[in-house]
Amino acid sequence: MGRILIVEDERHIADGLRYNLEAEGHEATTVADGEGALGILIRERRPFDAVILDVMLPGKDGFAVASELRASGQFVPILMLTARGSAEDVLRGFEAGADDYLPKPFDLPIVLARVNGLLRRRQWNEQEPPPSGGRREPEPDVYTFEGRTIDFSNMEVRVRDRVHRLTVMECDLLRYLVRNAGQPVSRRAILQDVWGLHESVDTRAIDNFIVRLRRYLEDRAAAPKFLQTVRGVGYRFVPAVAPD
Ligand code: CA
């Protein structure tokens, strides 16, 4: 159950989404342009659990809306609706701060599954213990290394006196990297394991996230010590001091 804001100017798509989300028990609100969405989320500070944001909007497009939301400290999970087959849209969306994306035209069950995925992740990150299923190890909610604290419960990174808020996917990606500490992980594996994306997405989407995480964690983002690039493979998280 969640409160979902749908930002889409095509009335039949917006109404179709709202109808189906409500049928699933969610509260859904529609708004037809970016300015309206920014007004609701930033100026009115109305609380939502997820935003479905179309790229193609009159006036401000979805990329601008996502960037402004993040710049204003609004970290609500964003599912972006992009043009089919446009790797460029996907990359720009992630760069702007989107958490997930779907190409249009989409199948409603897939939208609903993706929205539920974002809502579930948010809940995992907000509750203390992760769901105990099968062989999963219990994970700490707070991970500390080299004077840095990743607080998964509060979705923030603390480095000395600086605090950086994390988006849902930044938080999930950090969890994944911490879980695989010391090992190289490929961009493809990250897309599959963190985003659940099995389509042939441009894996450079991941690089935008790593750039942001480096800004939070590294002393010098241009010379990363903790989030290392592994040439030809992907990335490796190296906490210089092993956790207790
Ligand atoms: Ca549109």
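Residues numbered from 1 in each chain as written. Predicted model: local features only at pLDDT ≥ 70, side-chain atom pairs only at ≥ 80, totals over all residues. Heavy atoms only, no water.

A. Layout of the nonpolar core. Core analysis: the biggest nonpolar cluster contains 76 residues, and Leu5, Ile52, Leu53, Leu173 and Trp195 have the highest contact counts within it. With 8 residues, helix α6 (residues 168–179) is the largest single contributor of residues to this core. Residue contributions to this core reach at least three from each of two domains, namely domain 1 (3–124) and domain 2 (142–237). (Core = buried A, V, L, I, M, F, W, Y, C linked by side-chain atoms within 4.5 Å. Buried < 20%, exposed > 50% of the residue type's maximum accessible area, 1.4 Å probe, protein only. Helix = DSSP H or I, 4+ residues; strand = E, 2+ residues; numbered from the N terminus. Domains from an automatic or database assignment.)

B. Representation of the sheet that holds strand β12 (residues 234–237) in the model. Spatially, the 3 strands line up as an open sheet ordered β10-β12-β11, and their pairing is antiparallel. Where the open sheet ends on each side, the last strands, each with one partner, are β10 (184–186) and β11 (227–230). Direction aside, the axes of adjacent strands within the sheet are offset by 35° on average. Pairing analysis gives 4 bridges linking β11 to β12, with the strands arranged antiparallel. Looking at the pairing, Thr229 lines up with Tyr235 of β12. Running over the sheet, helix α8 (residues 205–217) touches β11 and β12 and is turned about 145° from β11. (Pairing = 2+ DSSP bridges. Axes fitted to C-alpha atoms, helices over the stretch in contact; angles between N-to-C directions. Contact = heavy atoms within 4.5 Å.)

C. View of the pairing of strand β6 (residues 142–145). Side-chain alternation along β6 places Tyr143 and Phe145 on a buried face and Val142 and Thr144 on a face that remains uncovered. Pairing geometry for β6 and strand β7 (residues 148–151), over 4 bridges, is antiparallel. Looking at the pairing, Val142 lines up with Asp151 of β7.

D. Region of interest: the coordination of the calcium ion. Around the calcium ion, the donor atoms from the protein are Glu8 (OE), Asp9 (OD), Asp54 (OD) and Met56 (O), and they sit 2.1 to 2.5 Å away. Read N to C, the donor residues that coordinate the calcium ion are spaced as E-D-x44-D-x1-M. Judged by its relative accessible area of 2%, Glu8 is buried. Under the relative-accessibility criterion, Asp9 is labelled partly exposed at 33%. (Donors = N, O, S within 2.8 Å, 3.2 Å for Na, K, Ca; no water.)

E. Here's a closer look at the sheet that holds β7. Judged by pairing direction, the sheet is antiparallel, and its 4 strands sit side by side in the order β6-β7-β8-β9 without closing on themselves. Every other strand in the sheet has two partners, leaving β6 and β9 (162–165) as the edge strands with one partner each. Taking each pair of neighbouring strands and ignoring which way they run, the sheet shows an average axis angle of 15°. As paired strands, strand β8 (residues 156–159) and β9 are joined by 4 bridges and run antiparallel to one another. Along β9, the bridge assignment pairs Val159 with Arg162. Where α8 meets the sheet, its contacts fall on β6, β7, β8 and β9, and the angle it forms with β9 comes to roughly 160°.

F. Local environment of the environment of Arg214. On the secondary structure map, Arg214 appears in helix α8. Accessibility expressed as a relative area gives 11% for Arg214, which makes it buried. Linking Arg214 and Pro224, residues 10 residues apart in sequence, is a C-alpha distance of 6.9 Å. Each residue touching Arg214, except ones within four places of it in the same chain, is listed here: Ala221, Pro224, Leu227, Gln228, Thr229 and Tyr235.

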